[in-house]
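Fold and geometry: a report
What follows is the residue order along each chain.
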Amino acid sequence: MNGWMGKVLRINLTEKKIEKEPLDRDLALKFLGGRGLNAITLYRELEPGTDPLSPENKIIFGVGPCNGTLSLGSGRYNVTSKSPLTGGFGDSNSGGFWGPELKYAGYDQIIIEGKAEKPVYIWIDGDKVEIKDASHLWGKDTFETKKLIQKEFGDPRIEVVGIGPAGENLIKSANVMTCPYRAAGRTGMGCVMGSKNLKAIAVRGTEGVKVAYPEKLQEAALKSYQILYSDWFARKFSEEGSTCLVEIYNNLGALNIRNCQAGVFENIDGLLGKYFDEKYKVANKGCFSCPLHCGCFWMIKDGPLAGLRWGKAEFATIINFTTRVGVSNIEVALSAGVLCDKYGIDLISLGGVLGFAFECYEKGIISEKDTDGLKLEWGNEDAVLKLIKKVVFREGFGDILAEGTKRASEIIGKGSEDYALHVKGQEHIECDPRGLQAWGLGYAVSTRGLDHLRALPVFEYTISPEKAKELFGTEKAADRFSTEGKGRMVKWFEELRAFADSMEICKYITRTGLIYPEPLTQLLNAVTGVNFSPDDAYKIGERIINVEKAFNTREGFARKDDTLPKRFLKEPLPFGPSKGHVCNLEPMLDDYYKLRGWDVKTSFPTRAKLEELGLKEIADELEKLDKIGS
């Protein structure tokens, strides 16, 4: 199989059993790999109602056909499980070099079952696979874990994914780190690893990836480079990384300020990407086969934190620990980002639960008696950093916040639920949907809880009205305050994102002119030798979305869960470029469900749509459960 390695690794930690299985070619053609293949595998193999932290839950690591090739931005992988944060479909995606290394070791997917009696890590050295004792690694941070494993085998080229103390302590938003700088950050996949006593997966590979048409791949890659470098956003991203988004969203009046009480920050200059570059950036860095090199090495050169350095700083890093909690000192965010990466915790969910706690303190719902003496006043830098450690190690008030914003609000009560910004249990991100209607719809319908990357409908504020009419049927789709055409826009983006995630191509690459399916299918066809068309790309993406939706439907989610926090629906933004706006969700939902072919009242997938996508087995099961749309 060109592109695919043709092999699945199944590891049962309870029975200490390791098996190698052939990759199902038909499934590979229908779901490609990565996110798609993981989704159908989890749906088929997991019983409904499984406790996410029980040995019966499974965690699946998957790569795509383009990993390890010249395809642009092909360093990604997906990790998938039932989420302990939302109770629904959980998955996350990360970059770096681990994904290609797994391909070079000969595998398309790892399915991990059961629970080890004591801490272990998995060692994959090509055909040699072992479950090894990790007692000496338990308690170590992600940076130390990678270094110790590399030292153990005397090879600095070994790639490692693993968890830090947050995963070990079963923090619901713990993530899987592509040690130590890249994160599979959402839905609590590190918590699932911790529940299985699985510290890390270390990989070394020596095989190559068979490419059907090397010359065509080179040609397609060069063409993709030309598209990329002609794109204004790609050039800006390559220079500043995602920190450039601070200015973009603040200028839109759609930035997360003090738990989304406003959309514009008064002290933004010291948080901008260009300020960060001038003062802290040392050198750009990139993931496997990526020309954007949006990451960077940075260092604080003077002041009390002089000498602190790390290999990543993102838009999310900065905003979650500055504007979200009223802080204007970027060095607080840089310090917090290092802690998050080393501890292995999703900084978006952590920022969300901190913002929630700070607003509860402001509103008088909690006091210093509840917070172990911490004054959670907006802008209190010391409290931010101390509370991070309390959450990770479940100390005092941190033990409540470790459960996530939804559960924390249920524990605290007293009306705190109004300030808990989440969808399906997953915390809100850095962008306010009152200034971005399609983003609000994308947040609400995301199959993994509130999330921007499932859709990432950037055309809402970047394309012309003429192009919007061509793609989505109305010029108003280019108006970020209009609801017209947004159902079609979100559907279009969701399908292309799912397709690219299954190829394992980076979203930052496809946020540019490469968002369209044509250049993506050219890369895929050159690698695999299969003649996928642009229409196939949409259909594969649609199939993946429907499997993920069916998983959530089976677990009890319905239209009532495809909503947004009351703040976004009822409270207009008080000032700035998005002043006076709320997110008008309901008409967009109706439009979206109709376009998806789902039941508008319940949001359940219909038999007609599932059978159209070749998912009759899922339709039959949902009908037996009385959860099929009409």
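These notes cover the structure that comes with them. Being a predicted model, the structure only gives us computed values, none of them experimental.

Counted at 1.5 Å a residue, the expected span for helix 24 (residues 585-596) with its twelve residues is 16 Å, and the 16 Å between its end C-alpha atoms agrees. All of the buried residues in helix 24 are Leu585, Met588, Leu589, Tyr592, Tyr593 and Arg596. The arc that holds every buried residue of helix 24, seen down its axis, measures 130°, which confines them to one face. Once helix 24 finishes, Gly597 follows within two positions and takes phi at roughly 80°, a positive value.

Let's shift gears to the nonpolar core. In terms of nonpolar packing, the biggest core is built from 163 residues, with Trp298, Phe321, Leu376 and Phe459 touching the most fellow members. For this core, the element with the highest residue contribution is helix 13 (residues 347-362), accounting for ten residues. With near-sequence residues (within four places) excluded, Trp298 lies in contact with Phe276, Tyr280, Lys281, Val282, Leu308, Arg309, Trp310, Lys312, Ala313, Leu334 and Val338.

Let us now look at the sheet that holds strand 2 (residues 17-22). Spatially, the six strands line up as an open sheet ordered 2-1-6-3-4-5, and their pairing is mixed. Edge positions in the sheet fall to strand 2 and strand 5 (89-94), since each of these pairs with one other strand and no more. Going across the sheet, the axis of each strand differs from the next one's by a mean of 15°, ignoring polarity. Summarising the sheet, strand 1 (residues 7-12) and strand 6 (residues 109-113) pair through five bridges and their orientation is parallel. Note that in strand 6 the partner of Val8 across the bridge is Gln109. On the sheet, helix 2 (residues 34-45) packs against strand 1, strand 3 (59-62), strand 4 (77-82), strand 5 and strand 6 and is oriented at approximately 20° with respect to strand 4.

A word on the pattern of salt bridges. By the definition in use, this model includes 62 salt bridges. Across the pair Arg182 and Glu314 runs a salt bridge, and its minimum N-O distance is 3.0 Å. Here Arg182 is found in strand 11 (residues 182-184), whereas its partner Glu314 is found in the loop between strand 15 (309-310) and helix 11 (315-320), with 132 residues between them in sequence. Residues Asp451 and Arg448 are paired through a salt bridge, measuring 3.0 Å at the closest nitrogen-oxygen approach. Judged by relative accessible area, which is 5%, Arg448 ranks as buried.

Our focus in this paragraph is the sheet that holds strand 14 (residues 295-299). Pairing in this open sheet of three strands is antiparallel, and the strands run 13-14-15 from one edge to the other. In the strand order of this sheet, the two ends are held by strand 13 (281-285) and strand 15, each with one partner. Bridge count for strand 14 against strand 15 is two bridges, and the pairing is antiparallel. By the bridge assignment for strand 15, Trp298 is matched with Trp310.

Conventions used here
- Residues numbered from 1 in each chain as written.
- Predicted model: local features only at pLDDT ≥ 70, side-chain atom pairs only at ≥ 80, totals over all residues.
- Heavy atoms only, no water.
- Helix = DSSP H or I, 4+ residues; strand = E, 2+ residues; numbered from the N terminus.
- Expected span 1.5 Å × (residues − 1).
- Buried < 20%, exposed > 50% of the residue type's maximum accessible area, 1.4 Å probe, protein only.
- Arc of directions from axis to C-beta.
- Core = buried A, V, L, I, M, F, W, Y, C linked by side-chain atoms within 4.5 Å.
- Contact = heavy atoms within 4.5 Å.
- Pairing = 2+ DSSP bridges.
- Axes fitted to C-alpha atoms, helices over the stretch in contact; angles between N-to-C directions.
- Salt bridge = Lys/Arg side-chain N within 4 Å of Asp/Glu carboxyl O.

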